[in-house]
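Here are the chains, one letter per residue:
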Amino acid sequence: MFHYTVRRLLYAIPTLLLISLILFLLLDLAPGDPTAQLPLTIPPDVKERIRASLGLGEPIHIRYLLWLQQFFVNESLHLISELTGWDISGDRQRVISWQTRSPVVDIVIQRLPQTLWVVGLSYVVGIAIALPIGIISAYRQYSWFDQVGTFVSMVGFSVPTFFTGVLLIVIFSVHLGWLPSIYDTTHVVTDWNSFLFQIRQLLMPVFVLALFNAAQISRFMRASMLDNLNLDYVRTARSKGLAERAVILVHVLRNSMIPVVTVIALGVPSVFGGAIITEQIFKVNGLGQLLIIAIEASDIPMVQTLSFIFAILIVLFNLIADVIYGILDPRIRYD
Amino acid sequence: MSEAGLTGDALVEVRNLKVHFPITAGILRRTVGEVRAVDDVSFDISSGETLGLVGESGCGKTTAGRAILRLAEITSGSIRIMGTDIVKADARSVRELRPLMQMIFQDPQASLNPRMTVADIIGEPLREHEASTLRRRQDRVDELMESVGLNRDHASRYPHEFSGGQRQRIGIARALALNPRLIVCDEPIAALDVSIQAQVVNLLEELQDRFELTYLFISHDLGMVRHIADRVAVMYLGTIVELAPRSDLYADPKHPYTEALLSAVPEPNPATERERQRIILEGDVPSPANAPSGCVFCTRCPKAIDLCRRERPEFTKIGPSRFVACHLAGTDQPGPQANLRPVPSN
Amino acid sequence: MRTSRCLFGAIAAGSFLAAAAAQAERGSDGHVSIIYWQAPSILNPYLSGGTKDLESSSLVIEPLGRHDANGNLVAWLAESVPTVANGGVSEDLTSITWKLREGLVWSDGSPLTSEDVVFTADYCMHPQGGCAQLSNFDSVQSVEAIDDLTIQITFDVPKPYPYSVFVGAQSPVLQRSQFQDCLGARAPECTEQNFNPIGTGPFRVVEFRPNDVITMEANPNYRDPDKPAFATLTFKGGGDAAAAGRAVLETGEFDYAWNLQLAPDVLQNMQNAGKGTVVSAFGTLVERLMVNLTDPNPELGDERATPKHPHPFLTDRNVRQALSMAVDRDLLVEIGYGQAGKATCNVVPAPEIYASTANDGCLVQDIEAANRLLDDAGWVRGADGVREKDGVRLSILYQTSTNAVRQDFQALIKQWWSEIGIESELRNISASVFFGSDPGSPDTFQKFFADIEMYANNFEGADPETYLGNWKCNENPRPETQWQGGNMPRFCSEEYDSMLADMAKTGDINERARLGKAMNDMLMQEFVIIPLVHRGRVSAHSNTLGGVDLNTWDSELWNVADWHRVK
């Protein structure tokens, strides 16, 4: 397994380089102008100078290599400097956003907490809801519980978050006035009351996303349980005289979890990618919102860096999913 | 059927067993019909014997086997094992009876939990039913593995690391763990290579002698059943059409279906094999959801008469320990003897 | 402090606000929260032209002078507005002298001096800085400190309107000691400075989270000891206009929401919740149609849409006039803007002295007259109802940016034009491409590879000279200028150019107004620009927030020092 992991990590390097190049070319070829959002009162020659100051005048291969150097060398050195306190990065140019003129990675790090709080929590909540629903739905296939579960999953899956989100805001913020409609990213939990406020402001965005995540995962869980429930080893377990609970939770669940855990692991990068629409609706201003604003503003360094970080996470969690699969399923051996 | 008890010390008494599965349709999943997988079956199994249960696939023999161990939901009828009616028993009593009755499955791969080691698979029932120490459990696992011819050093391996024959040995060891009296062998060799089949069958016979086991041996392989069974029951479309001691059945089949089945068994002797004539049955097995009225076999029976299409024949005793469900049986009417030749017994 | 009292008193003259504000004590009203649905990216307006960035930074850094809510120039950090009359502007109109108020200090306690102003000019005019406000420093020859409080700006040409430099939110004064290492190419690297500029304004930055939220607190060194009334301020960004409106008008979570571009009925429904008030004001923003006088035919290759090839039918003034006459501007306002718009017939709709009344005939739609006009001009309807003459069909490609209101407008106008026998094909282009100036893209509004295009534009401040300069002959975008330039119709008139030259030499405000109106009227009566809607700014504040005086000539937050809680 160790050799396999190392080999996969080595393979990931050329893959990621290729991804970064494709990203860069796509972004460069896509129409768009970082000064397009500026008011028309700013004359074209000034815009031209702004573009030049952003480095847009350089040929594409120079800009790509520059980005590679900034991202891999300068950012790594900076990170080491930050962690160790040694000044080895000097004043090397980091990847700078065109909108904010500040290092992209710093903004990403600043955004991570709210994204993980909201999107991450909703993923955890979604899983926590989905697994029992999936298990019971499969065990009591076609019961009313299963039918209701199927309906809720269908709703969660097919009704877009921009609808459920706004609906919740209208009900709970506008009419009832119970919950805030705008997420306060500066809120700090210091005592019981501020903790309660944090819960209240998390409630709606987490629910909206959890519903969506739970819908997906509970379907996977149900299908996987159904696949296993009819296998002979379940009959074997029953014939051993095990209690039904033990048959389901020990034998069926452990085997059914193998594909589900993989699906869950593969979904983790999307947590970091943020939930663009939900973040916009509740003004969570996490990584998803950062990406969409950067795209609107043609902030190529920001879009490139964010997309590339997502690419790294996707490659990484693919590997993690495979490794988990190997650990959970003794039939899989990689070496 | 009152004297169906053949030996008086029957280990298992099955009476009028029915297993019907509902057929549902539509959004509301209304029941629109039922599949009569097992339809009114009665037989006994005496202690220490091997009852062969044969029939084509889909005839309900596997369901019957599972029902006897309460691994399928029973619609009606009674199953008494050592005097206890397991149909009426609650889940708890059934669990307490589990050690007495075990099953060996057709697919050794699917019947073993892929995420458990051999030691766990064999040891789990011990943990569940015998409050023994870990040490004693390990000893017992080793003992069981050796008795089925497995290397005890492989106890910590997973099922996928074994060959098909070895896996079936694991399944057998597992079934033996709690010293059962009855083992339902559901086509235990069908998924194995021919070269391995004999080994497994021999192992089963050897274990039967050693542990005084009673087998219900379910198979579609008449040759193998002839080898291992003491008595043979032939199933067709959810019912038993003939039940007889092995030698009688093979020498003188009373039911046209049995005759047809036997005519398909190849002869080991090339001389007689050349003379063997097959009875080719016309048509397909009817759906168990829509069984014909009258005799279930009437749609394919080469000898069917009007009566067969009207009335279902009783399962009647026609000789010492011989039962058959056929209007023509007992009338001593010569069957299509021109086509059939007595099969030499053993 | 006496002067500042006078100043604010003058602005809020006669209103109860002044009295209320004067009684308040600094920080006594607690917290105020503002929501902009576009999130600020940076607090240095010299590195960003975005409104969100300008307005958020206006809470912290201030210019020498600015425009009040009525468009009048008022002194801010300066003692008074320099004019020719008071000797602040030289007779030959080539220099202006500003005098700072005495005793002003930065929020860090150090004094504001003329060196800071001089430095700010150097900062923006640095050739490698990519300063977004460089055009405000057009023809500035030098900026010198005469003494600690006096600054003289010299122009290399006579500048009859010298108030573009250091006037308004787009041209505030930066602190020299903070920014001195950030000149030129180093400007973008000064993250700390750009996120947390030290200013003289009523608030100072506590934390700036780019594209998200700014936390501020009252500036302890603000010149008026009683202001601001709020101790802390949150400036939240992001989302959409509907959510921002909801947060102020329906849930009451925020006190002020900027620029609520919403359908009129939606806004009315929100206001009915009773938590807040919608306020609107009109600046100079006009939604207009630009008529292409050159031929955009792709077969012309590099000479496409250049004056070498006049347009086959839009060069006929009758056709252009008919296009204008067929439009029902009131209906457009009702559908698209409601309270936030009014029909207009001028490309310079304000300030009042520049607003012409000579073209108001266009306010009434007249399809019949438009048809007659085209009939008389010899454009005859063909079999399919589309007019043609000498084999030229009146078939128009009509483009604009992707935007729901604009697409509604396109559909309506297409219908009206079809009623006068002109067919049109509609096209919409993503705003970032349409308004982008990528010379490689064929879809920019400057290349104008279409017959008609629609967008909105305005001018900064209250003087239209630069704006009117867009329609000079040589301002037409063409390959030689990398398709830069503001003269989208490719309009060219010697008379117009000479009026513009006159204006550049005229200091007298009334004479400037006469020239401005004349130029506006010329453009209108030639129908090369067809104005549709004079668009206003709509914002909302909660009923408990007092002191809001919506200003479209400068930052909306220009008088935030006077904002206070209504009990």
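Residues numbered from 1 in each chain as written. Chains lettered and ligands numbered in written order. Predicted model: local features only at pLDDT ≥ 70, side-chain atom pairs only at ≥ 80, totals over all residues. Heavy atoms only, no water.

1. Considering the packing of helix α10 (residues 329-336) of chain C against helix α12 (residues 404-419) of chain C
Residues and elements named next belong to chain C. The test is simple: Between the N-to-C directions of two axes lies an angle of 0 to 180 degrees, each axis being a line fitted to C-alpha atoms and, for a helix, fitted only over the stretch in contact. The helix count covers DSSP runs of H or I at least four residues long, the strand count covers runs of E at least two residues long, and both are numbered beginning at the N terminus. An angle counts as roughly parallel when it lies under 35 degrees, as roughly antiparallel when it exceeds 145, as roughly perpendicular when it falls between 65 and 115, and as oblique in every other case. For a crossing to be left-handed, the near helix must be turned anticlockwise from the far one by less than a right angle; the clockwise case is right-handed. Residues count as neighbours in contact if any of their non-hydrogen atoms are within 4.5 Å of one another. In this classification, the charged set is Asp, Glu, Lys and Arg, the nonpolar set is Ala, Val, Leu, Ile, Met, Phe, Trp, Tyr, Cys and Pro, and all remaining amino acids, among them Gly, are polar.
At a closest axis distance of 10 Å, the pairing of α10 and α12 adopts a crossing angle of 150°. The angle between α10 and α12 falls in the class roughly antiparallel. α10 and α12 meet at a crossing whose hand is right-handed. Here α10 contributes L331, L332, I335 and G336 to the contact with α12, which in turn contributes V405, D408, F409, L412, I413 and W416. Its residues assigned to classes, the contact of α10 with α12 comprises eight nonpolar, one polar and one charged.

2. Overview of the domain arrangement of chain A
All names here are of chain A. Spelled out, the test is: Where each domain begins and ends is defined by an automated method or by a domain database. Here the quantity called buried area is the total loss of accessible area, with a 1.4 Å probe, experienced by two parts when brought into contact, counted for both. By definition, a salt bridge exists where a carboxyl oxygen of Asp or Glu is found within 4 Å of a side-chain nitrogen of Lys or Arg.
The assigned domain composition of chain A is domain 1 (35-97) and domain 2 (107-328). Domain 1 and domain 2 are separated by 35 Å when their C-alpha centres are compared. In this complex, domain 1 contributes seven residues to the contact, which on the side of domain 2 involves 10 residues. Regarding the contact of domain 1 and domain 2, the summed buried area is about 730 Å², with carbon and sulfur atoms giving 69% of it. Linking domain 1 with domain 2 are zero salt bridges, by the criterion used here.

3. A short note on the sheet that holds strand β7 (residues 182-186) of chain B
Residue and element names in this part refer to chain B. Quick note on the threshold: The pairing criterion for strands is at least two bridges between them, as found by DSSP.
Reading across the sheet, the eight strands line up as β6-β7-β8-β3-β9-β10-β12-β11 and stay open at both edges, with mixed pairing between neighbours. Two strands close off the open sheet at either side, each with one partner strand: β6 (101-104) and β11 (316-319). Neighbour-to-neighbour, the strand axes of this sheet turn through a mean angle of 20°, independent of strand direction. Examined bridge by bridge, β7 and strand β8 (residues 214-219) share five bridges and lie parallel to one another. What sits directly across from D186, in β8, is I218. Its contacts with the sheet put helix α1 (residues 61-68) on β3 (50-54), β6, β7, β8 and β9 (231-236), and the angle it makes with β8 is roughly 155°. Running over the sheet, helix α6 (residues 194-211) touches β3, β6, β7 and β8 and is turned about 160° from β8.

4. Description of helix α9 (residues 317-325) of chain C
Residue and element names in this part refer to chain C. To be explicit about the condition: Three labels apply to residues, based on accessible area from a 1.4 Å probe with only protein chains included: buried if under 20% of the type maximum, exposed if over 50%, partly exposed otherwise in between. Whenever a nitrogen or oxygen atom comes within 3.5 Å of another N or O atom, the pair is scored as a polar contact, on the condition that within protein one atom can donate a hydrogen and the other can accept it, and that pairs from neighbouring residues in sequence are kept only if both atoms are in side chains.
With respect to burial, α9 is a largely interior element, seven of its nine residues being buried. Among all positions in α9, only V319, R320, Q321, A322, L323, S324 and M325 are buried. Where α9 begins, one side-chain oxygen reaches toward the backbone nitrogen of N318, 2.9 Å away; that side chain belongs to D316.

5. Some words on the pattern of salt bridges
Think of it this way: side chains of opposite charge can pair up when their charged atoms draw near. Scanning the entire structure with this criterion turns up 52 salt bridges over all chains. With its nearest N and O atoms 3.4 Å apart, the salt bridge here joins D139 of chain B to R135 of chain B. With D139 of chain B and R135 of chain B both in helix α4 (residues 134-147) and four residues apart, this pair spans about one turn of that helix. On the accessibility criterion, D139 of chain B (36% relative accessible area) is partly exposed. Among the salt bridges present, the one from R535 of chain C reaches E287 of chain C, with a minimum N-O distance of 2.8 Å. Here R535 of chain C is found in strand β19 (residues 529-542), whereas its partner E287 of chain C is found in strand β11 (residues 276-291), with 248 residues between them in sequence. By relative accessible area, R535 of chain C is classed as buried at 12%.

6. A short note on the state of the cysteines
Rule in force here: Any pair of cysteine sulfurs within 2.5 Å is marked as a disulfide.
Taken as a whole and assessed by the stated rule, the structure comprises four disulfides over all chains. The disulfide bridge from C124 of chain C ends at C131 of chain C, spanning 2.0 Å between sulfur atoms. Measuring handedness by torsion sign, the sulfur bridge of C124 of chain C and C131 of chain C sits at about -80° and is left-handed. A residue is classified by how much of its surface remains accessible, and C131 of chain C, at 4% relative accessible area, is buried. Note that C345 of chain C is cross-linked by a disulfide to C362 of chain C, the S-S spacing being 1.8 Å. In this structure, the disulfide formed by C345 of chain C and C362 of chain C twists by about -100° around the S-S bond and is classed as left-handed. Of the two residues, C345 of chain C sits in the loop between β12 (341-343) and α11 (367-376) while C362 of chain C sits in the loop between β12 and α11, which places them 17 residues apart along the sequence. C345 of chain C sits in the buried class, given a relative accessible area of 3%. Here C59 of chain B is not disulfide-linked; the sulfur of C295 of chain B is the nearest cysteine sulfur, at 14 Å. Left without a disulfide partner, C308 of chain B is nearest to the cysteine sulfur of C295 of chain B, which lies 5.7 Å away.

7. What about helix α3 (residues 60-84) of chain A?
All names here are of chain A. Here is the rule: For a helix, the expected span equals 1.5 Å multiplied by the residue count minus one. Think of it this way: the bend at a residue is just the angle between two axes, each fitted to seven residues, one set ending at that residue and the other starting at it.
An ideal rise of 1.5 Å per residue puts 36 Å on 25 residues; α3 measures up with 35 Å between its terminal C-alpha atoms. A bend of about 30° at Q70 is the largest found in α3. Every buried residue belonging to α3 is among R63, Y64, W67, L68, Q70, F71, N74, E75, H78 and S81, and all of these are buried. On its buried side, α3 packs onto α1 (2-29), α4 (104-139) and α12 (300-328). Immediately downstream of α3, the backbone of G85 shows phi near 85°, a positive value.

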